[in-house]
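Structural description and commentary
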Amino acid sequence: MSDFLIETRQLTKNYGDQTVVDSVNLHVKKGRIYGLLGRNGAGKTTIMKMILGLTPITSGEVKVFGRNIKGREKKVYPRIGAIIETPGFYPNLTGSENLEIFAKLRGTAAPNAVKRAMDVVGLPYKDKKLFGKYSMGMKQRLGIANAILHDPELLILDEPTNGLDPIGIAEVRNFILDLSKQEGKTILISSHILSEIALLADDIGIIDHGVLLEESSMRELEKKNSRYILLQVSDIPKASLILERQFHTQDYSVSDNHTLRIYDTSLNMAAVNKALMMEDVAVISSQLCNDTLEDYFKKITGGEGIA
Amino acid sequence: MLRLIQTEFLKLRRRKLIWIMLLAALMMPFLALLYFKYLGKTDVDPMEFYRWAAFGFTVFIILPVVLGILCTMLMYEETRYDTAKQLWIVPVSQMGYFFSKFFVVLIYAVTFMLITAAATVLCGVPTGIIGFNWSSILFLLERCMELGGIISFAMLPILAVAACTKGYILPACLTIVYAFAGFILTPVNMYLHPLSSMLPILLRNKEMQGLTLTQDFRILPAVLCFCVWDLAAVAFVNVVLSRRK
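Residues numbered from 1 in each chain as written. Chains lettered and ligands numbered in written order. Predicted model: local features only at pLDDT ≥ 70, side-chain atom pairs only at ≥ 80, totals over all residues. Heavy atoms only, no water.

1. What to know about the overall build of chain A
Applied cut-off: Put simply, DSSP H or I for four residues or longer makes a helix, DSSP E for two residues or longer makes a strand, and each gets a number counted from the N terminus. For the radius of gyration, the atom set is restricted to C-alpha positions; the globular benchmark scales as 2.2 Å times the number of residues to the power 0.38. Relative accessible area decides the class of each residue, using a 1.4 Å probe on protein chains only: under 20% of the type maximum gives buried, over 50% gives exposed, and in between gives partly exposed. Any two residues whose heavy atoms approach within 4.5 Å at even a single point are treated as in contact. Only the protein chains shown count as cover for residues, with accessible areas throughout obtained via the Shrake-Rupley method and a probe of 1.4 Å. Residues scored as positive are Lys and Arg, those scored as negative are Asp and Glu, and His as well as the terminal groups of each chain are ignored. The atom standing in for a charge is NZ when the residue is Lys, CZ when it is Arg, CG when it is Asp and CD when it is Glu.
Secondary structure summary: chain A contains 11 helices and 15 strands in total. The C-alpha atoms of chain A give 24 Å as radius of gyration, which overshoots the globular expectation for 307 residues (19 Å, by more than 25%). Overall size of chain A, expressed as C-alpha extent along the three principal axes, is 80 × 40 × 35 Å. Classification of the 307 residues of chain A by burial places 51% in the buried group. Restricting to contacts in chain A with at least 6 residues of sequence separation, those with at least 24 account for 69%. With the model as given, the accessible surface of chain A reaches about 14,100 Å², and the carbon-plus-sulfur share is 48%. Positive and negative side-chain charges of chain A, numbering 38 and 38 respectively, have mean locations separated by a distance of 8 Å.

Next comes the structure, spelled out in structure tokens:
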């Protein structure tokens, strides 16, 4: 069996003439957190639904636990916990009653499975509050509790921090990290919140308009993110001339009327500053910078940033 | 399957409307006293009293409409609250899901008819309209339970439509059309519609006198009618739910 718990090949989904997922090759490694990052409507949920067999595939292939999921749902689903879109529960029942239904259906053997799951997400067990009266954050927590109720090996979480307050987001993040690092669970998580993915994921897939633009580990991505010197000067043409003539570099870009980005970080900045000042170019600021994940996202999607 | 059925009943907790609908079971026994002017009469033939109090409109109109509403509620709520998606990844099989809902409808229909039977006896015996007679009461209970079961099978097509549509308007409207179609088709050909096909099953031993029907009571075509409608409904659900998932 390959190292990948989830593997898709040329996964495509069309709705009529519209292609919402286009030839996606996704690889989720065992024991790691894979962050699927993309704007709203980029195709994240559709990919997750296709992985779970909840929506038909137009073309391509999905392998979960090394094999095609079709026809093996009964064997595969008990090993998966999932939240897709907003978690749906019965509004006339309490959180515990809702989970008891799913525990019964799954045949969950552990007698305190419901209590344990609710404790993990910080919801009171046997509380009288009905699901219909839950806040969005509580609903999301109950969805996560349901996903981990049967102690699955693989978690597929579609925007699990949606609707949570900042403290709730941090709690869920820590809890997801614990599940991966301490219990060795494999997690596929989608989000449009870049900072969340940056803090959580070991591997990242960037999706835009249904196309997986980039797939790599966070470590590789950090390496790829270019370091540069951000230089703010009074006269850009003169500064450019000095860089090219005296320092023999063309590895820079002009951001605006006063800002240069020099990508050749081996340059001696003291010498550059001195040379500029000698030519009457005022140096307003000079600093070594790193591209953020957002910059990288902008660069590869060729557009606006993300939250 | 038993787990599925058990969870279906757990889902009904605090659903007041479903229990309030059972009150409709009392409607015809009380109306029989007033509308059919049994109040004040004594020693009426029990079969005749049962015909109006328990079997007539209750079986052909009231219970089918109540069951149609129940079918619509059971299915629509799963779509409305997006719970079906969670069930598929448990996994729950589509047909297991459908039949567990059907089982709820079956139990509900039998309960409804038993309440009708109890109300009929309570309206008939203490008022002196009918005399207390164990054999006639047991006949009433037996037929009510039987009819409860048969009507739930007759409502299977409505449950199928409710399972295959995401809204509630179509199954609710179809319930009305379906119930009245059964009523209207009875004098034409009672073996065309499951609700009208109940009549030969109900009257198979000719215990009830006074009913004048132009057609022969034959059990086989009635059972065949049920089979055709129910098999078509199950096949329809199987195809649609598989596609939807």
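So that's the structure; there's more coming.
2. Here's the deal with the nonpolar core
Cut-off, in case you're wondering: In this description, a nonpolar core means a group of buried Ala, Val, Leu, Ile, Met, Phe, Trp, Tyr and Cys residues linked to one another through side-chain atoms lying within 4.5 Å.
Formed by 162 residues in total, the largest nonpolar core has its most connected members in Ile156 of chain A together with Phe49, Phe55 and Phe112 of chain B. Here this core gets 18 residues from one element, more than from any other, and that element is helix H4 (residues 46–80) of chain B. Those residues in contact with Ile156 of chain A that sit more than four places away from it in its chain are Ile6, Met48, Ile51, Leu52, Ile80, Gly81, Ala82, Ile83, Ile84 and Leu188 of chain A. Listed in part, the 16 residues of the second largest apolar core include Ile242, Leu243, Ile262 and Val272 of chain A.

3. Description of empty space enclosed by the protein
Under the convention used in this document: Two kinds of site are reported from a 1 Å grid over the protein atoms alone, namely cavities, where a 1.4 Å probe fits but cannot get out, and pockets, open sets with protein on both sides within 12 Å along at least five of seven lines, and residues are called lining when an atom falls within 4 Å of a point. Grid points are joined across faces, edges and corners, and a volume is the space filled by probe spheres set on the points. Residue polarity follows a fixed list, in which Ala, Val, Leu, Ile, Met, Phe, Trp, Tyr, Cys and Pro are nonpolar, Asp, Glu, Lys and Arg are charged, and the others, Gly among them, are polar.
Counted by the stated rule, this structure contains two cavities of 30 Å³ or more. Each pocket or cavity is described by its volume, and for the largest cavity that value is around 80 Å³. Lining the largest cavity are Tyr90, Pro91 and Asn92 of chain A together with Glu8, Lys11, Leu12, Arg15, Leu74, Glu77, Glu78, Tyr81 and Lys101 of chain B. Element by element, the count of residues in the lining of the largest cavity is highest for H4 of chain B, at three residues. Taken together, the residues of the lining of the largest cavity break down into five nonpolar, one polar and six charged.

4. Observations regarding the sheet that holds strand S4 (residues 33–38) of chain A
Residues and elements named next belong to chain A. Quick note on the threshold: If DSSP finds at least two bridges between two strands, the strands pair. Here an angle of 0 to 180 degrees is reported between the N-to-C directions of two axes, which are lines fitted to C-alpha atoms, with helices fitted over the stretch in contact.
Pairing is mixed in the open sheet, where six strands are placed in the order S7-S8-S9-S4-S10-S11. Strands with a single pairing partner mark the edges of an open sheet, and in this sheet they are strand S7 (80–83) and strand S11 (211–217). Across this sheet, the average inter-strand angle for adjacent strands is 10 degrees, counted without regard to direction. One ladder, built from five bridges, connects S4 with strand S9 (residues 186–191); its direction is parallel. Within S9, the residue paired with Leu37 across the bridge is Ser191. Contacts between helix H5 (residues 136–148) and the sheet are confined to S7 and strand S8 (154–158), with S7 contributing the most and set at about 165 degrees to the helix.

5. Things to note about the sheet that holds strand S12 (residues 227–233) of chain A
All names here are of chain A. Sheet architecture is open: four strands sit in the order S13-S14-S12-S15, paired in antiparallel fashion. With one partner strand each, in any of the chains shown, strand S13 (252–256) and strand S15 (283–290) form the two edges of the open sheet. With direction set aside, neighbouring strand axes in the sheet form an average angle of 20 degrees. In terms of strand pairing, S12 meets strand S14 (residues 259–262) through four bridges, oriented antiparallel. Paired with Leu231 across the bridge in S14 is Leu260. Contacts from helix H9 (residues 236–246) reach S12, S13 and S14, with the element oriented near 20 degrees to S14. Sitting on the sheet, helix H10 (residues 269–278) is in contact with S12 and S15, with an inclination near 20 degrees to S12.

6. So, a nonpolar patch on the surface
All names here are of chain B. Selection rule: Patch membership requires more than 30% relative accessible area and the absence of a salt bridge. Residues of like charge join within 9 Å; the nonpolar side chains Val, Leu, Ile, Met, Phe, Trp and Tyr join within 5 Å. By salt bridge we mean one thing: a side-chain nitrogen of Lys or Arg within 4 Å of a carboxyl oxygen of Asp or Glu.
A grouping of Leu114, Phe132, Trp134, Leu138, Leu141 and Met145 is seen on the molecular surface, where their side chains present a nonpolar patch of about 610 Å² in accessible area. Per-element accounting of the nonpolar patch gives the leading share, four residues, to helix H7 (residues 134–154). Residue placement: Leu141 occurs in helix H7.

7. Let's talk about the packing of helix H6 (residues 94–124) of chain B against H7 of chain B
Residues and elements named next belong to chain B. Formally: To sort the angles, those under 35 degrees are grouped as roughly parallel, those over 145 as roughly antiparallel, those from 65 to 115 as roughly perpendicular, and the leftovers as oblique. The hand of a helix crossing depends on one turn: near helix anticlockwise from the far one by less than a right angle means left-handed, and clockwise means right-handed.
Where H6 contacts H7, the axes come no closer than 8 Å and their chain directions differ by 150 degrees. On the basis of the axis angle, H6 is roughly antiparallel to H7. In the crossing of H6 with H7, the sense of the turn from one axis to the other is right-handed. Contact residues: H6 offers Phe102, Val105, Leu106, Ala109, Val110, Met113, Leu114, Ala117, Thr120 and Val121, while H7 offers Ile137, Leu140, Leu141, Cys144, Met145, Leu147, Gly148, Gly149, Ser152 and Phe153. In terms of residue class, the contact of H6 with H7 is made up of 16 nonpolar, four polar and no charged.

8. Here's the deal with the pairing of strand S2 (residues 18–24) of chain A
All names here are of chain A. With four bridges joining them, strand S1 (residues 4–15) and S2 adopt antiparallel strand pairing. In the strand pairing of S2, Asn14 is matched with Thr19. Hairpin geometry of S1 and S2 is characterised by an intervening segment of two residues between the two adjacent antiparallel strands and by a positive phi of about 65 degrees at Gly16.

9. What to know about the pattern of salt bridges
The tally for this structure, following the rule as stated, stands at 26 salt bridges over all chains. When the shortest N-O distance is used, the salt bridge between Arg32 of chain A and Asp203 of chain A registers 2.7 Å. Of this pair, Arg32 of chain A sits in the loop between strand S3 (27–29) and S4 while Asp203 of chain A is found in strand S10 (residues 203–208), placing the two residues 171 residues apart along the sequence. Taking relative accessible area as the criterion, Arg32 of chain A reaches 28% and is therefore assigned partly exposed. One salt bridge in this structure joins Lys11 of chain B and Glu8 of chain B, with 2.8 Å as the shortest N-O distance. Given the relative accessible area of 4%, Lys11 of chain B is considered buried. Several salt bridges share partner residues, and in doing so they unite Lys49 and Glu85 of chain A together with Asp82 and Lys85 of chain B into one network.

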